[in-house]
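A look at the structure
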Amino acid sequence: MNSFKIAIINFKRNIRTYGLYLAAMIFSVATYYNFVSMRYNPQFLEAKEVSAYIESSSMAASMLMIIFLIFFIVYSSNFFLNQRKREIGVYAFMGIDNYKIAFIFASEGLLLGIMSVIFGLGAGILFSKLFMMMLAKVALLKVALLNIRINFFISKKAIIETIILYSIILGVTFLKRYLDIIKTNLIDLMNSLKKEEECPKINYFKGIVSIVIIGVAYYIAINYEKFGFGTALMVTVLLIIWGTYWLFGSFFSMVIRYYINKKGFLYKGTNIISISNIGFRIKNNYRTLAAVAVLITTCITSFGTVSSLKYYVDENHRIEVPYTVTYISSNEEEIKKVDKVIENSSHNVELKNNANFLYVPDSEVVVVNLSTFKDILKDLKIENREKVISKFKLSKNEAGYIERPGVMMSILEKNDIHIGNQKYNIRVNTKVPIFGKGVPFPCIVVKDDEYEVLKSHFSEKQFNGIILDKPEDTKDLTFELAEVLPAESGLYTYFIAGARFYDFTGIVYFLGAFLFLVFVFATGSIIYFKTLSQSFEDKGKYGILKKLGTTDLEIYQSLSKQIGIFFILPLIVGIIHSMVAILVLSDIMKCSLNKPTIISIGTFVLIYGIFYVFTRRKFIDTVGVA
Amino acid sequence: MEIVLETQKLKKEYGGKGLIFTAIEDIDLQVYKGDFLGVMGPSGAGKTTLLNILSTIDRPSSGEIYYEGKNILNMKNRDLSIFRRDNIGFIFQDFNLLDSMSVEDNMALPLALSKANPKEIKEKIEKLSKFFGLKDQLKKYSYQLSGGQKQRVAAARALITSPSIVFADEPTGALDSKSSQELLQCLSQMNEQFNTTIILVTHDAFAASYCKRILFLKDGKIHGRIDKDSSRKEFFNRIIDFLGSMGGGVDEFF
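The rules behind the values
- Residues numbered from 1 in each chain as written.
- Chains lettered and ligands numbered in written order.
- Predicted model: local features only at pLDDT ≥ 70, side-chain atom pairs only at ≥ 80, totals over all residues.
- Helix = DSSP H or I, 4+ residues; strand = E, 2+ residues; numbered from the N terminus.
- Buried ≥ 20, exposed ≤ 12 C-beta atoms within 10 Å, placed from the backbone.
- Contact = placed C-beta atoms within 7 Å.
- Nonpolar A, V, L, I, M, F, W, Y, C, P; charged D, E, K, R; others polar.
- Pairing = 2+ DSSP bridges.
- Axes fitted to C-alpha atoms, helices over the stretch in contact; angles between N-to-C directions.
- Right-handed = clockwise from strand over helix to strand, strands pointing away.
- Domains from an automatic or database assignment.
- pLDDT = per-residue confidence, 0-100.
- Parallel < 35°, antiparallel > 145°, perpendicular 65-115°, else oblique.
- Left-handed = near helix turned anticlockwise from the far one by under 90°.

What to know about the overall build of chain A
The helix and strand inventory of chain A stands at 24 helices and nine strands. With the principal axes as the frame, chain A shows a C-alpha extent of 100 × 60 × 45 Å. Counting the 626 residues in chain A, one finds 43% classified as buried. Once local pairs closer than 6 in sequence are excluded, the contacts in chain A between residues at least 24 apart make up 84%.

Here it is, written out as structure tokens:
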């Protein structure tokens, strides 16, 4: 039997252990292929408006994946090697030289890699159409790509790129494994499993300091303006990583030690098993736990960022484009022409509105009266309009101020405003949709009789807004309307608004969400592997406990608790870190990000929870509890 | 005298159709309170099978086991676990201490699982650690102990629930001769001072000579019994003689 055959036999035998790793790898290969192939998709390349965005986001997403993949593959490769040390020792004992053993084990890993690339590419190609369709739909490429039927497309270039990348990574890990095994001593291998684990000492200094370090990091992050954004970011990231390592290395051990010494608590049923084991495990696995906490932070923060971006843009979009078509004209003839164009198109009118306003050139604002304002909010079906309107209890010299569409947030709060020679106190300052970006000025709301007074000083204009049933498909309509309307009518349509920023955030959001899934999957796998490697070590322990008369139910409960805490500690730390990060982000973006934050944390917890259930089941299987 | 453990026609078979291997057969025995019973026999005689069945870890194919008059074979798995925890103590050849716990926590484990009062547990640990000479080791972990100390911790753990019976499976197997002697003396003292019932399974005639009576197993059946009626030294010689008469040669037992 040659060594390669042994590798194949081993591989077949261990396929169950590899199951999850294989799944994570296949998913990553499939995702990577699709990330790359979208920049070669001929249909996307044709759509000039978006191809540049697609290219750059595809590049960025695949770069991120590469970094992550290297980390993941190296990590799991180490895991599998530690798992098999004794087996390697047995081979060495039987007189097989280190080079041959190294070859056997390294090629087993290589086989696994090759298999995942093949299956991953298969899956990637199979699902590429779905991926592109989702990209086209979810990513708001509606404007450019609505009418295109996405064709099935296999990108040879993307296949080759994927194969090259994975060959490099797999080649390097093969070499690393090979060299690692050659270096090992027989005696270490034989003893590696027999060795009694020592309960490590606790460093109280590090434990306390870790909290201080994290506190300082939070402080710097929150006060980023004082330190400059770049410096604050760098310092915070480094401090957080440092603090998190010490937190898991010492602080949590301190907490557990406290409970171990509290015998009244410890000697209560299965607590004695759970707490002792957790203390032991945390200390011996703190590097993994800290790494997982950092990964979780990265995951949630980055997904939070992209979904915040999308959330923010969506919010703004409603304010900037409340109507499908808007223009300014009181000319009956022009209005009729517009109506005719729309009638002849394939669109149906859902709402047609017009409103009068005054334009004040000196202050660069427009003025509407309160009744008009209320009508607009009602027609546009603004969700919280009752609440908004209730704030507009204006008296004679008071006015409401509505931000110019497109402004993120006003930096200076205005207290009063001059219109002509009249001065108004600003009673409310808010952001709601009224005219959209077709009237790119702040809007002042005054009482109806005040408006009548002002009317004589300024020219009144008529705003026309139309909502159509298919706002995405307004490219042709826009050009037709532009022909019938004069330039000064300020024609603004969904198409004009949409062809810009929104596509890009859509793509970023979509790819970000996909990356997030890959990362969650990999983070889950890492903690799964780590927990399972303990299950092999713990097998004997639970055998003893059963002999001593611990019931299966008690072992089950204790294990659920132990694995639960092992999972939940990095999760809590990760969530707190990322909440601080998103808090800073929302400060920078000047808007509340509660909703996207909750969504991203919720999604993460859900997937992570599924991993917990699987890990627990597998663990309980391994230690053999009914 | 009060009977703690009684068996009737115990039989254990392994294997399925056509290929049945009988590990033990026709085992009738009575163990009295305060007994110190040794079980000896060559490898493959069924010692471990018997011990596992008596200690409720395994179930017999047929026959009955009574603990203080109660038939334990009617119990469900879960009840059996709890019964085992409260009524049976174990000492294993390889100590089976949990390396994630300190000495005192290892000792406390069975009582803590039975949800005894923590204060009571502490008192018992105090008492037993004194008896086994472990007072200075309580805060240590098992990797910091010698083999003899570990086995004494295991013995203390076995005793903490005040079990009606303690099973010791080759407890001296992994110890050097001095530690063996110390441990056996401890067991002997346990038996005398606390009136603990002990069943000791061993290969070693020297270890067996600490018992009060000995049961010899061969090919799954009881081959003979001898009782101690004189000094330990003489008992030891009788054991050797008996083993010799069993066939298989004396050497096998050293």
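Moving on, there is more to tell.
Some remarks on the overall build of chain B
What chain B contains, in helices and strands, is eight helices and 10 strands. Reported as C-alpha extents along the three principal axes, the dimensions of chain B are approximately 50 × 45 × 35 Å. Of all 254 residues assigned to chain B, the portion counted as buried reaches 46%. Taking the intrachain contacts of chain B between residues at least 6 apart in sequence as the baseline, contacts between residues at least 24 apart amount to 69%.

Let's talk about the environment of Ser578 of chain A
All names here are of chain A. One can find Ser578 in helix H23 (residues 552-589). Of the residues examined, Ser578 has 25 C-beta atoms within 10 Å and is grouped as buried. Not counting residues within four places of it along the chain, the set of residues in contact with Ser578 comprises Thr297, Ile300, Thr301 and Gly304.

Concerning unusual backbone geometry
Residues and elements named next belong to chain B. With a phi close to 65°, Thr56 is a non-glycine residue in the positive phi region. Inspection of the secondary structure puts Thr56 in the loop between helix H1 (47-54) and strand E4 (62-67). In this structure, Asp219 is a non-glycine residue whose phi angle is positive, near 50°. By the secondary structure assignment, Asp219 is in the loop between strand E9 (213-218) and strand E10 (221-227).

Quick look at the interface of chain B and chain A
In this complex, chain B contributes 25 residues to the contact, which on the side of chain A involves 24 residues. At six residues, the largest contribution of residues to the side of chain B that touches chain A is made by helix H3 (residues 103-113) of chain B. Of the residues assigned to the side of chain B that touches chain A, the class counts are 14 nonpolar, four polar and seven charged.

A few points about the sheet that holds strand E3 (residues 365-369) of chain A
The pairing of strands in a sheet comes from backbone hydrogen bonds and takes either a parallel or an antiparallel form. Residues and elements named next belong to chain A. Pairing within the open sheet is mixed, and its nine strands lie in the order E5-E6-E4-E7-E3-E2-E8-E1-E9. The open sheet has two edge strands, strand E5 (416-419) and strand E9 (492-493), and neither has a second partner. Two strands pair when backbone bridges link them, and strand E1 (residues 325-328) and strand E8 (residues 460-468) are joined in this way by four bridges, in the antiparallel orientation. Opposite Tyr327, over in E8, you have Asn464 as the bridge partner.

Some remarks on the sheet that holds strand E7 (residues 165-169) of chain B
All names here are of chain B. Strand order in the open sheet formed by six strands is E6-E7-E8-E3-E9-E10, with mixed pairing between adjacent strands. Single-partner strands in this sheet number two, and they are strand E6 (88-91) and E10. When strand polarity is set aside, the average angle formed by the axes of neighbouring strands in this sheet is 20°.

Concerning the environment of Asn415 of chain A
Residues and elements named next belong to chain A. Tracing the sequence through the fold places Asn415 in the loop between strand E4 (398-402) and E5. Overall, the presence of 9 C-beta atoms within 10 Å leaves Asn415 in the exposed class. In the structure, Asn415 is positioned 11 residues away from Ile426 in sequence and 5.4 Å away in space, judged by C-alpha atoms. Beyond its immediate chain neighbours, meaning those up to four positions away, Asn415 contacts Asn425 and Ile426.

Re the pairing of E7 of chain B
On a regular strand, each side chain points to the face opposite its neighbour's, so the side chains alternate between the two faces of the sheet. Residues and elements named next belong to chain B. Judged by how many residues are buried, E7 sits mostly within the fold: five of five residues are covered. Burial along E7 is two-sided: the residues Ile165, Phe167 and Asp169 and Val166 and Ala168 are all buried. Sheet topology places E6 next to E7; four bridges connect them, and they run parallel. Residue pairing across strands places Ile88 opposite Ile165, the latter belonging to E7. When E7 meets strand E8 (residues 198-201), the two strands line up parallel, connected through four bridges. The residue bridging Val166 from the neighbouring strand is Ile198, located in E8. Following the chain from E7 across helix H6 (residues 177-193) to the adjacent parallel E8, one finds a crossover that is right-handed.

Observations concerning the domain arrangement of chain A
In many reports, interface size means the accessible area that the parts give up when they come together. What the domain assignment reports for chain A is domain 1 (1-195) and domain 2 (323-494). Of note, the centres of domain 1 of chain A and domain 2 of chain A, computed from C-alpha atoms alone, are 55 Å apart.

What about the confidence of the model for chain A?
Residue and element names in this part refer to chain A. Across chain A, the average pLDDT comes to 82, with 92% of residues at or above 70. Summarising per-element confidence for chain A, the mean pLDDT is lowest in helix H7 (residues 142-145) (46) and highest in helix H10 (residues 204-222) (94). Every residue in residues 141-147 is under pLDDT 50, and counting partners more than four places away or in other chains gives 18 contacts.

Points about the confidence of the model for chain B
Looking at chain B, pLDDT values average 88 and 97% of them are 70 or higher. Both confidence scores are given for the complex: pTM 0.76, ipTM 0.84.

Remarks on the packing of helix H5 (residues 147-159) of chain B against H6 of chain B
Geometrically, a packed helix pair is captured by the angle between its two axes and the distance between the axes. Residue and element names in this part refer to chain B. Viewed as axis vectors pointing N to C, H5 and H6 meet at an angle of 20°, and their least axial separation amounts to 9 Å. The angle between H5 and H6 falls in the class roughly parallel. For the element pair H5 and H6, the recorded crossing hand is right-handed. Between H5 and H6, the contacting residues are Gly147, Gly148, Gln151, Arg152, Ala155 and Leu159 on the first element and Ser179, Glu182, Leu183, Cys186, Leu187 and Met190 on the second. In terms of residue class, the contact of H5 with H6 is made up of six nonpolar, four polar and two charged.

Brief notes about the environment of Asp241 of chain B
Residues and elements named next belong to chain B. Within the secondary structure, Asp241 is located in helix H8 (residues 232-245). In this structure Asp241 comes out as exposed when scored by C-beta crowding, with 12 C-beta atoms within 10 Å. For the pair Asp241 and Gly89, spaced 152 residues apart in the sequence, the C-alpha separation amounts to 31 Å.

A look at the pairing of E3 of chain A
Residues and elements named next belong to chain A. Counting buried positions along E3 gives five out of five residues, so the element sits mostly inside the fold. A two-sided burial pattern is seen for E3, the buried positions comprising Val365, Val367 and Asn369 on one face and Val366 and Val368 on the other. Looking at chain direction, strand E2 (residues 349-360) and E3 are connected through three bridges and run antiparallel. Within the sheet, the bridge partner assigned to Val360 lies in E3 and is Val365. The loop that links E2 with its antiparallel partner E3 comprises four residues; one of these, Glu364, has a positive phi angle of about 55°. Examined bridge by bridge, E3 and strand E7 (residues 443-446) share four bridges and lie parallel to one another. Opposite Val366, over in E7, you have Cys443 as the bridge partner.

Structural notes on the packing of helix H16 (residues 332-344) of chain A against helix H20 (residues 475-484) of chain A
Residues and elements named next belong to chain A. The interhelical angle for the contact between H16 and H20, taken along N-to-C directions, is 155°, at an axis separation of 10 Å. With respect to H20, the axis of H16 lies roughly antiparallel. As for the relative orientation of H16 and H20, their crossing is right-handed in sense. Counting all contacts with H16, which are made through Lys337, Val338 and Val341, the residues of H20 involved are Glu480, Leu481 and Val484. Grouping the amino acids of the contact of H16 with H20 by side-chain chemistry returns four nonpolar, no polar and two charged.

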